[in-house]
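# Tertiary structure, described
Listed here are the chains, written in short residue letters.
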Amino acid sequence: MKKALYPILLVMIVIMLVDSTLIGPSNVLASEKSGQSTKVDLKIMTYNLRYLNDSDPSPHTWEERLPAIKKLIRRERPDIIGTQEVLYQQLTDLKQSLKHYDWIGLGREGGSNGEYAAIFYDKKQYSPIEYDHFWLSDTPEVIGSKTWGNNIPRMVTWAKFVDKKSKQSFYVVNTHFDHESANAREKSAALIMKKINNFDESLPIFLTGDFNTSPDSIPHQTLTSEGAFSDLWDTAKFRFNEKLGTFNGFDDPTGGGPDNRIDWILGKGNIYTHKIKIFDDSKNGQFPSDHYPVMADVILSY
């Protein structure tokens, strides 16, 4: 009787092997048909564009700098740009010349009033499916609020984007911390950590901004503590212009040196950073802005 079982067992094993080879490809095909992808390639930039004003002397007026900014963006082709310190007229000027970009934002004093922390995005590739704003204060839902010692209202603009090709989503949070109050910067970092708890934790999150403080500061530690964000400058496989800071003040090609790297791109989730770079463009004594932009080339895994 025992010998008679061997042929039966052999037939059953063969059937199981055949079934398993059929199951594998069918799942792959189902994934392909659904339009889902496990990876998204993304170029994300943070850029303080220096607000339009009447006090910046030539060659650093907005009208003179605008062509240089457009040239840099067209050359590097970021998918997402977190901008800071930009006024409505500047947003309009940029959109008119960067046809395939659109932007999300709100003036920090409500409507189109005051500086924006606007997020530009390549509208051919990405669509915002959710977005909102909050203010860096004890009353974050109150437009223009400031309660932490800062004289200027500070805010956050965030958006949830979907990549049209892969159908995968991710968040971008963009901000500008106060330049005077250390207390405001520290509480701003804590509030952002609290707010992102409302996001879908399964999706990648980027935080871009001018943080007006160095990477060895308390706000940076708060944002990059265990279980929080990672600084993509630290996690990148390749870093370019490591000896630079990011605030040139229109007159310092070093950007203040590496201890003055105050513009960051942070990430949370399954993000692989291939490279990151500080762009130190200047020509004939003109800088496109008083800050250098930073851009990271990343791969998001799902």
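Right above here is the structure, for reference.
Reading guide: rules and limits
Residues numbered from 1 in each chain as written. Predicted model: local features only at pLDDT ≥ 70, side-chain atom pairs only at ≥ 80, totals over all residues. Heavy atoms only, no water. Helix = DSSP H or I, 4+ residues; strand = E, 2+ residues; numbered from the N terminus. Buried < 20%, exposed > 50% of the residue type's maximum accessible area, 1.4 Å probe, protein only. Contact = heavy atoms within 4.5 Å. Areas by Shrake-Rupley, 256 points an atom, 1.4 Å probe, with all protein chains shown as cover. Pairing = 2+ DSSP bridges. Axes fitted to C-alpha atoms, helices over the stretch in contact; angles between N-to-C directions. Lys, Arg positive; Asp, Glu negative; His and termini not counted. Salt bridge = Lys/Arg side-chain N within 4 Å of Asp/Glu carboxyl O. Polar contact = N/O pair within 3.5 Å; in protein donor to acceptor, adjacent residues only side chain to side chain. Arc of directions from axis to C-beta. Patch = residues over 30% accessible without salt bridge, like charges linked within 9 Å, V, L, I, M, F, W, Y side chains within 5 Å. Charge placed at Lys NZ, Arg CZ, Asp CG, Glu CD.

### Regarding the overall build of the protein chain
- Each helix and strand in the protein chain was counted, giving 6 helices and 13 strands.
- For the protein chain, the residues scored as buried account for 50% of the 302 residues in total.
- For the protein chain, long-range pairs separated by at least 24 residues make up 73% of all intrachain contacts whose partners lie at least 6 apart in sequence.
- Total accessible area computed for the protein chain in this model is approximately 14900 Å², and 54% of it derives from carbon and sulfur atoms.

### Quick word on the sheet that holds strand E11 (residues 263-268)
- Reading across from one edge, E5-E6-E7-E8-E11-E9 is the order of the 6 strands in this open sheet, with mixed pairing throughout. With partners counted over all chains shown, the strands left at the sheet margins are strand E5 (126-135) and strand E9 (230-231), one partner each.
- Pairing between E9 and E11: 2 bridges, direction antiparallel. Note on E11: the bridge partner recorded for serine 230 is glycine 267.
- Against the sheet, helix H4 (residues 182-195) touches E5, strand E6 (155-163), strand E7 (169-176) and strand E8 (205-210), its axis set at about 135° to E5.

### Details of the side chain of arginine 185
- For arginine 185, the position within the fold is in helix H4.
- The buried charged residue arginine 185 lacks any salt bridge partner; its closest oppositely charged side chain belongs to aspartate 178, at an N-O distance of 5.3 Å.
- Reaching out from arginine 185, the side chain makes a polar contact with the backbone oxygen of aspartate 178 at a distance of 3.0 Å.
- Among residues more than four places away in sequence, those in contact with arginine 185 are Phe177, Asp178, His179, Glu180, Phe211, Asn212, Thr213 and Pro219.

### Quick notes on the pattern of salt bridges
- This model, assessed by the stated rule, comprises 10 salt bridges.
- Between aspartate 102 and lysine 95 there is a salt bridge, and its shortest N-O distance comes to 3.2 Å.
- Residue classification places lysine 95 among the partly exposed positions, given a relative accessible area of 35%.
- The salt bridge partner of arginine 108 is glutamate 115, with a shortest N-O separation of 3.1 Å.
- Using a relative accessible area of 11% as the deciding quantity, one classes arginine 108 as buried.

### Focus: helix H3 (residues 88-97)
- Listed in full, the buried residues belonging to H3 are Gln90, Leu91, Asp93, Leu94 and Ser97. Take H3 and look down its axis: the buried residues cluster within an arc of 165°, on one side only.
- Contact partners of the buried residues in H3: helix H2 (62-76), strand E3 (101-104) and strand E4 (119-122).

### With respect to unusual backbone geometry
- With omega at 10°, the peptide bond leading from serine 58 into proline 59 counts as cis.
- Inspection of the secondary structure assignment puts proline 59 in the loop between strand E1 (39-48) and H2.
- Residue lysine 167 is not a glycine yet carries a positive backbone phi of 70°.
- Here lysine 167 is to be found in the loop between E6 and E7.
- Overall, the relative accessible area of 47% leaves lysine 167 in the partly exposed class.

### Re a positive patch on the surface
- On the surface, Arg77, Lys99, Lys123, Lys124, Lys164 and Lys167 cluster together to form a positively charged patch.
- Following the sequence through the fold, lysine 164 ends up in the loop between E6 and E7.
- You can call lysine 164 partly exposed: its relative accessible area is 35%.

### A few points about the side chain of serine 97
- Looking at the secondary structure, you find serine 97 in helix H3.
- On the basis of relative accessibility, which here comes to 15%, the residue serine 97 falls in the buried class.
- Polar contacts involving the side chain of serine 97 include one to the main-chain carbonyl oxygen of aspartate 93, which spans 3.2 Å.

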